[in-house]
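Descriptive analysis of the structure
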Amino acid sequence: MLTSSADTQVAQVELLEEKITQLLKSQDNDSELSAALGSAISFRSSFYTDQLAKLSLFSRRGNRIMDRAVKQAPFDLGARLQRGISCANMPAFLRRARYAVEDLELVQQQIGGKYGEEFQAFVEFYLAQAYSRNKQAEKARSLWAKLAGSETNWAQKSRQALEKL
């Protein structure tokens, strides 16, 4: 939710990092939780687009944590979802979109419509974003067009994304 809101503040992300870190102290082998921590850390880099050193520091640290979590449990869909969404949100120059595509396609294939239309739309929105950043514009356009015609909460965001594409 933090990544999809235009109103997110860096303090909210830092608070989330603190809470996840506390949880990890009691559940240190939880791949999904580790990936969530990495995702939050790398998301913090988006607040420093004008400060290359901080952007690089947070994105590298977060990516390292997410990659370690996925390596530890490659079929943990929660970890793959966390890394996929995070990488789909990263600027294209960081070259993480291929991980987003890989992770989100896996999640999409494994869950199908199992968790309802809204969750499926959530995954597909970020998959389309990953396609866009991975220079697969036609795949992104097709997926966003599908979502734009849906009655999910992701329809409006998909229409906006189509306008920018």
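Our structure's up above, just so we're on the same page.
From a predicted model like this one, the values you see are computed outputs, not experimental measurements.

1. Some points on the nonpolar core
Within the largest apolar cluster, 27 residues are counted, with the highest numbers of intra-cluster contacts made by Leu81, Leu104, Phe122, Val123, Phe125, Tyr126 and Trp144. Residue assignment for this core shows that the elements contributing at least two residues are α4 (77-89), α5 (97-111), α6 (117-133) and α7 (137-148). The dominant element in this core, judged by the number of residues it contributes, is α6, at nine residues. Setting aside chain neighbours within four positions, we find Phe122 in contact with Leu81, Ile85 and Trp154. Counting nine residues, the second largest nonpolar core, distinct from the first, contains Ile20, Leu33, Ala36 and Phe58.

2. Remarks on helix α3 (residues 52-72)
Compared with the 30 Å implied by 1.5 Å per residue over 21 residues, the 30 Å span of α3 between its first and last C-alpha is a close match. When we look at burial in α3, the residues that qualify are Leu55, Phe58, Ser59, Gly62, Asn63, Ile65, Met66, Ala69 and Val70. Buried residues along α3 cover an arc of 165 degrees about the axis, so they all sit on one side. Among the exposed residues of α3, those pointing more than 90 degrees away from its buried face are Ala53, Arg60, Arg68 and Lys71.

3. Quick notes on unusual backbone geometry
Look at Arg95: it is not a glycine, yet its phi comes out positive at around 55 degrees. Structurally, Arg95 is set in the loop between α4 and α5. A relative accessible area of 68% means that Arg95 is categorised as exposed. Positive phi is not limited to glycine here, since Lys135 has a value of about 60 degrees. Structurally, the position occupied by Lys135 is in the loop between α6 and α7.

Conventions we followed
- Residues numbered from 1 in each chain as written.
- Predicted model: local features only at pLDDT ≥ 70, side-chain atom pairs only at ≥ 80, totals over all residues.
- Heavy atoms only, no water.
- Core = buried A, V, L, I, M, F, W, Y, C linked by side-chain atoms within 4.5 Å.
- Buried < 20%, exposed > 50% of the residue type's maximum accessible area, 1.4 Å probe, protein only.
- Helix = DSSP H or I, 4+ residues; strand = E, 2+ residues; numbered from the N terminus.
- Contact = heavy atoms within 4.5 Å.
- Expected span 1.5 Å × (residues − 1).
- Arc of directions from axis to C-beta.

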